[in-house]
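# Close look at the chain arrangement
Here's the letter readout for the chains.
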Amino acid sequence: MKKTIAMAALAVAVSFGSIACKKKVSDAELQTQATTIVTSNQNASVEVKDGQAHLSGTFTDQAARDEMIASLKAIPGIKDVHDMSTIQAPVVVETVSVIDPVVQQKVADAVKDFPSVKVEVVNGELTLTGNVSSEQAKKIKMSVDALKVGKVNYNYTVK
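These lines cover the structure that appears in this document, whether it is placed above or below. (Residues numbered from 1 in each chain as written. Predicted model: local features only at pLDDT ≥ 70, side-chain atom pairs only at ≥ 80, totals over all residues. Heavy atoms only, no water.)

## Remarks on the pattern of salt bridges
Counting across every chain of the model gives 4 salt bridges. Across the salt bridge formed by glutamate 47 and lysine 49, the nearest N and O atoms sit 3.3 Å from each other. Taking the relative accessible area as the measure of exposure, glutamate 47 reaches 41% and is therefore partly exposed. Since its relative accessible area comes to 47%, lysine 49 is described here as partly exposed. (Salt bridge = Lys/Arg side-chain N within 4 Å of Asp/Glu carboxyl O. Buried < 20%, exposed > 50% of the residue type's maximum accessible area, 1.4 Å probe, protein only.)

As structure tokens, this is what we get:
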């Protein structure tokens, strides 16, 4: 009986000893690992305190931020990730037509005898679209070229 109690006490002491000997990862080591991960986004940074990662900076979208948080949480020793980052607002570019409305009207007048042809501004360039015969295409090109309005895209279909 004394032998059994002694063995049990020894087993308990060994198990406590192995738990107490478990190496704790320092914040400096965690900081190094976390910084290595975060360097993939030049607009983000991370700081580790008491095993807690504090993520800050900007991300292009939610998916990129979620991926970064998951990567940080996967580091052994990181207890939690506190997200203080933001999503970068999309840049809205307002396009302004560089085609003078007077020029656009002159071209529209030149092709008025061809109702299937439309005069539009596409990506800042004067563009003709529609369906025409080869004879009509020649007449349209000569009429528009005579106006000397600059670059014109002839995107109509010749049938």
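## Remarks on the pairing of strand β2 (residues 52-59)
Regular strands show a simple pattern: their side chains alternate between the two faces of the sheet. Pairing geometry for strand β1 (residues 44-49) and β2, over 6 bridges, is antiparallel. Of the residues in β2, the one forming a bridge with serine 45 is serine 56. The hairpin turn running from β1 into β2, its antiparallel successor, is 2 residues long, and aspartate 50 in that turn takes a positive phi close to 55°. With 4 bridges joining them, β2 and strand β3 (residues 80-83) adopt parallel strand pairing. (Pairing = 2+ DSSP bridges. Helix = DSSP H or I, 4+ residues; strand = E, 2+ residues; numbered from the N terminus.)

## Section: the packing of helix α2 (residues 27-38) against helix α3 (residues 62-73)
Running from amino to carboxyl end, α2 crosses α3 at an angle of 155°, the nearest separation of the two axes being 10 Å. In this view, α2 runs roughly antiparallel relative to α3, as classed from their interaxial angle. Viewed along their axes, α2 and α3 form a crossing whose handedness is right-handed. For the pair α2 and α3, the contacting residues are Ala34, Ile37 and Val38 in the first and Met68, Ser71 and Leu72 in the second. Here the contact of α2 with α3 is built from residues that sort into 5 nonpolar, 1 polar and no charged. (Axes fitted to C-alpha atoms, helices over the stretch in contact; angles between N-to-C directions. Parallel < 35°, antiparallel > 145°, perpendicular 65-115°, else oblique. Left-handed = near helix turned anticlockwise from the far one by under 90°. Contact = heavy atoms within 4.5 Å. Nonpolar A, V, L, I, M, F, W, Y, C, P; charged D, E, K, R; others polar.)

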